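Topology and contacts: notes
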Amino acid sequence: PDDVRYIGWGWHYAEPVGGLTLRWAGEYPQTQLYLDLPPGGYNLTVSAQAFYEPRQLRVLVNDQLIGETAVAVEPLQPYVFHVPAAVVGVGQRLKLTLDYDATVVPADVGFGGDQRGLAVAVDTVVFRR
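Let me begin by describing the structure that accompanies this report.

Conventions and cut-offs
Residues numbered from 1 in each chain as written. Predicted model: local features only at pLDDT ≥ 70, side-chain atom pairs only at ≥ 80, totals over all residues. Heavy atoms only, no water. 1 Å grid on protein atoms, 1.4 Å probe; cavity = no way out; pocket = protein on both sides within 12 Å on 5 of 7 lines; lining within 4 Å. Points joined across faces, edges and corners; volume = space filled by probe spheres on them. Helix = DSSP H or I, 4+ residues; strand = E, 2+ residues; numbered from the N terminus. Pairing = 2+ DSSP bridges. Axes fitted to C-alpha atoms, helices over the stretch in contact; angles between N-to-C directions. Phe/Tyr/Trp six-rings, centres within 6.5 Å; stacked < 30°, edge-to-face > 60°. Buried < 20%, exposed > 50% of the residue type's maximum accessible area, 1.4 Å probe, protein only. Core = buried A, V, L, I, M, F, W, Y, C linked by side-chain atoms within 4.5 Å.

Of the voids in this model, the largest pocket is the one considered here, and its volume is about 520 Å³. Asp3, Ile7, Leu33, Asp123 and Val125 are, among the 21 residues lining the largest pocket, the residues nearest its centre. Secondary-structure elements contributing two or more residues to the lining of the largest pocket are strand S2 (20-25), strand S3 (30-35) and strand S9 (120-128). Take the lining of the largest pocket: its biggest share by element is six residues, from S9.

As structure tokens, this is what we get:
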């Protein structure tokens, strides 16, 4: 409920979808999250799904590519990436970037009047040591 203090440009407002509250990314070509973590290596799990067609997603931490994948249209799925300890460093002021290949405007493909550019919906972002 307090994710606003961690997110950067590119996220749309939080909205209820199918009993979950998630955010769509796609306002800008990339979206960011900002966080601090204890030093160490992590597995990052992003629960996501693409809008309208599969989407190529690149995941970066502090501008270093940690992985890329194709995100399916439905349903929400966990995508796991390894974040090496060297990338986390001291763990302060980390920037997680989700970089996607395109967005689609729902109104342009017959899905109502929504004029937002949508790339991927994100339910959760979890870092585990």
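This brings us to the sheet that holds S9. Taken together, five strands build an open sheet; the order of strands is S1-S2-S9-S4-S7 and the sheet is antiparallel. Strands at the two margins of the open sheet, each flanked by one partner only, are strand S1 (15-17) and strand S7 (77-83). Taken pair by pair, the neighbouring strands of this sheet meet at an average axis angle of 45°, ignoring direction. The sheet contact formed by strand S4 (residues 42-50) and S9 spans eight bridges and is antiparallel. Bridging from a neighbouring strand, valine 46 pairs with valine 125 of S9.

Okay, the sheet that holds strand S8 (residues 94-100) next. Strand order in the open sheet made by the four strands is S3-S8-S5-S6, with antiparallel pairing throughout. A single partner strand is all that each edge strand has here, and the edge strands are S3 and strand S6 (64-71). On average, each strand axis in the sheet is inclined to that of its neighbour by 20°, with strand direction left out of account. Relative to S8, strand S5 (residues 55-61) runs antiparallel, the two sharing five bridges. Residue pairing across strands places arginine 58 opposite aspartate 99, the latter belonging to S8.

What the rule picks out here adds up to six aromatic pairs. Aromatic side chains phenylalanine 51 and tyrosine 52 sit 6.2 Å apart centroid to centroid with 35° between the ring planes, which places their arrangement in the tilted category. In this structure phenylalanine 51 comes out as buried when scored by relative accessible area, which is 12%. Among the residues examined, tyrosine 52 registers a relative accessible area of 42% and is labelled partly exposed. Every member of this aromatic cluster is reached through a ring pair, and the members are Trp24, Phe51, Tyr52 and Phe111.

One finds Leu44, Val59 and Val83 to be the most contacted residues of the largest nonpolar core, which totals 28 residues. Secondary structure elements with two or more residues in this core: S3, S4, S5, S6, S7, helix H1 (85-88), S8 and S9. Top contributing element to this core by residue count: S4, with five residues. Core analysis: the second largest hydrophobic core is formed by six residues, Trp24, Phe51, Leu118 and Ala121 among them.

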